[in-house]
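Next come the chains, spelled out residue by residue.
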Amino acid sequence: MSLPPDDADRPIDPGPSWLGSKNGANNNLTGSGLSLRAVLPNAITAAALCSGLTGIRFAIEGDWERSVFAIILAGMLDGIDGRVARLLKAQSRFGAELDSLADSLSFGMAPALVLFLWSLQGLPRFGWFAALAFAICCALRLARFNARIDVDEQPHKSAGFLTGVPAPIGAGLAFLPLYLWLASGESLFREPIVVAVWVAVIAFLMISNIATLSWTSIRPQRNIRLGAIAGAGLVFAALLTEPWWTLAVLSVGYLALMPYGILTYAKVRRERAERKRKPGPFGGPLPE
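Residues numbered from 1 in each chain as written. Predicted model: local features only at pLDDT ≥ 70, side-chain atom pairs only at ≥ 80, totals over all residues. Heavy atoms only, no water.

Engineer: Looking at this structure, how should I read the overall build of the protein chain?
Structural biologist: On a plain count of helices and strands, the protein chain comes out with 10 helices and four strands. Sequence separation of at least 24 residues holds for 76% of the intrachain contacts in the protein chain that already meet a minimum separation of 6. About 17400 Å² of surface is accessible on the protein chain, with carbon and sulfur atoms providing 67% of the total. (Helix = DSSP H or I, 4+ residues; strand = E, 2+ residues; numbered from the N terminus. Contact = heavy atoms within 4.5 Å. Areas by Shrake-Rupley, 256 points an atom, 1.4 Å probe, with all protein chains shown as cover.)

Engineer: Please clarify how the packing of helix H9 (residues 225–241) against helix H10 (residues 243–277) should be interpreted in this entry.
Structural biologist: Packed helices, taken two at a time, are described by their axes: the angle between them and the distance between them. It is at 6 Å that the axes of H9 and H10 come closest, and there the two elements cross at 135°. Relative to H10, the element H9 lies oblique. Between H9 and H10, the residues in contact are Val235, Ala238, Leu239, Leu240 and Thr241 and Pro243, Thr246, Leu247 and Leu250, respectively. For the contact of H9 with H10, a count of residues per class yields seven nonpolar, two polar and no charged. (Axes fitted to C-alpha atoms, helices over the stretch in contact; angles between N-to-C directions. Parallel < 35°, antiparallel > 145°, perpendicular 65-115°, else oblique. Nonpolar A, V, L, I, M, F, W, Y, C, P; charged D, E, K, R; others polar.)

Engineer: Sorry if this is basic, but what is going on with the nonpolar core here?
Structural biologist: A general trend in soluble globular proteins is that nonpolar side chains are found buried together. Judged by nonpolar contacts, the single largest core of 49 residues is most densely connected at Leu120, Phe134, Phe175, Leu178 and Tyr179. The set of elements that each furnish at least two residues to this core consists of helix H1 (39–60), helix H2 (64–87), helix H3 (93–118), helix H4 (126–147), helix H6 (167–174), helix H7 (176–184), helix H8 (192–207) and H10. Not counting chain neighbours up to four residues away, the residues in contact with phenylalanine 175 comprise Val68, Ile71, Pro111, Val114 and Leu115. (Core = buried A, V, L, I, M, F, W, Y, C linked by side-chain atoms within 4.5 Å. Buried < 20%, exposed > 50% of the residue type's maximum accessible area, 1.4 Å probe, protein only.)

Engineer: What am I meant to see in the environment of leucine 120 here?
Structural biologist: Structurally, leucine 120 can be placed in the loop between H3 and H4. Residues leucine 120 and valine 195 lie 75 residues apart in sequence; the distance between their C-alpha atoms is 6.9 Å. Discounting chain neighbours no more than four positions away, the residues touching leucine 120 are Leu115, Gly127, Ala130, Ala131, Pro192, Val195 and Ala196.

Engineer: For this particular structure, what's the right way to read the side chain of aspartate 78?
Structural biologist: Among the structural elements, aspartate 78 can be located in helix H2. It is arginine 83 that comes nearest to the buried, bridge-free aspartate 78 among opposite-charge side chains, at 7.5 Å. Dropping the residues within four chain positions of it, aspartate 78 is found in contact with Ala48, Asp99, Asp103, Phe107 and Pro168. (Lys, Arg positive; Asp, Glu negative; His and termini not counted. Salt bridge = Lys/Arg side-chain N within 4 Å of Asp/Glu carboxyl O.)

Engineer: I would appreciate a short explanation of the packing of aromatic side chains in the present structure.
Structural biologist: To describe a pair of aromatic rings, one takes the distance between the centres and the angle between the planes. By the definition in use, this model includes five aromatic pairs. Their ring planes at 40° and their centres at 5.0 Å tell us that phenylalanine 69 and tryptophan 244 sit as a pair that is tilted. Of this pair, phenylalanine 69 sits in helix H2 while tryptophan 244 sits in helix H10, and the two are 175 residues apart along the sequence. Tryptophan 244 gets classed as buried once you look at its relative accessible area, which sits at 8%. Note on tyrosine 179 and tryptophan 244: the rings are 6.3 Å apart at their centroids and 25° apart in plane angle, and the pair reads as stacked. Here tryptophan 244 lies in helix H10 and tyrosine 179 lies in helix H7, a separation of 65 residues in the sequence. One exposure class covers both tyrosine 179 and tryptophan 244, and it is buried. Here a set of aromatic residues connected by ring pairs shows up, and it is made of Phe69, Phe175, Tyr179 and Trp244. Its end group placed over the ring of tryptophan 181, arginine 190 keeps NZ or CZ at 4.8 Å from the ring centre. (Phe/Tyr/Trp six-rings, centres within 6.5 Å; stacked < 30°, edge-to-face > 60°. Lys NZ or Arg CZ within 6 Å of the ring centre and 35° of its normal.)

Engineer: Explanation requested: the pattern of salt bridges in the structure shown.
Structural biologist: Any two side chains of opposite charge can pair if their charged atoms end up close together. Within this structure, the stated rule accounts for two salt bridges. Across the pair glutamate 61 and arginine 57 runs a salt bridge, and its minimum N-O distance is 3.2 Å. Between arginine 66 and aspartate 63 there is a salt bridge; the shortest N-O distance is 3.6 Å. With a relative accessible area of 24%, aspartate 63 lands in the partly exposed category.

Engineer: Before we go on, may I ask you to explain H4 in this structure?
Structural biologist: Within an α-helix, residues lying three or four positions from one another point in the same direction, as the helix has 3.6 residues per turn. The end-to-end C-alpha distance of H4 is 31 Å, a good match for the 32 Å that 22 residues give at a rise of 1.5 Å each. Among the residues making up H4, those that are buried are Gly127, Ala130, Ala131, Phe134, Ala135, Cys137, Cys138, Arg141, Leu142, Arg144 and Asn146. (Expected span 1.5 Å × (residues − 1).)

Engineer: Honestly, H6 in this entry has me stumped. Any pointers?
Structural biologist: Burial of H6 is extensive: six of the eight residues sit out of reach of the surface. Within H6, the full set of buried residues consists of Ala167, Gly170, Ala171, Gly172, Leu173 and Ala174. Buried positions along H6 lie against H3, H4, H7, H8 and H10.

Engineer: Please explain the packing of H4 against H8 as it appears in this structure.
Structural biologist: In the contact formed by H4 and H8, the axes pass within 9 Å of each other and the chain directions differ by 10°. What the angle tells us is that H4 and H8 run roughly parallel. Two secondary-structure elements touch here, H4 through Ala130, Ala133, Phe134, Cys137, Cys138, Leu140, Arg141 and Arg144 and H8 through Ala196, Val199, Ile202, Ala203, Met206 and Ile207. Considering only residue class, the contact of H4 with H8 consists of 12 nonpolar, no polar and two charged.

In structure tokens form, the structure reads like this:
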């Protein structure tokens, strides 16, 4: 009878497939941990996480302005870390998982708690359920994103669109009643029923299959690009002078563009279907 193998002779369990890339690419992990170039983007992600959680602390203290600004700062940092990772060629599964966990806390749990402390606690039962629905839908959206990382067939992504409202934008949209309340002082925007319904709508949009615009799907024409640069500068100036009205207008503008994204993606789908029906040079369908 043979003895069981020593632990050193046991094959290393590769673990779940989502821990590593499908094609076996370098994950920027060394024997002692992360590679040096992967530290910076992950540090930015950690800073975004701390910023989002600090927003909860400000909300507990009743400092709503600083609470919202902390979560907005988390969104800005979240938009930077991925670009820094690509610039340094430091993408890793570790970074992707850390980013998802940070997003779930900063853009799911933190906004839910802030909105509950600000307004939803006026509805002891349904207000808490609305906050829970938002946090859960944000987590489900991020889980769906992680599950599709290695999926080859992603119609929305291949066309330059996103599926549903991204988590950082969802958090920003959920704060729309808070923006309007800070800008106008009107008590209507703090009504728990109004806020609960609004939060439920945004939660649904985050987990929906609606095609939404991404930066890659926005291609301004050459004759308006200089105007777009000037407009971006004016928006930044407006954020400095009238931040709450500007954030409210940006939120409404994003919602107004959602039908355009749906129609544009429908046009892309029709064009792809037509290309598949047309015969190619050798009798087969035309390549996409």
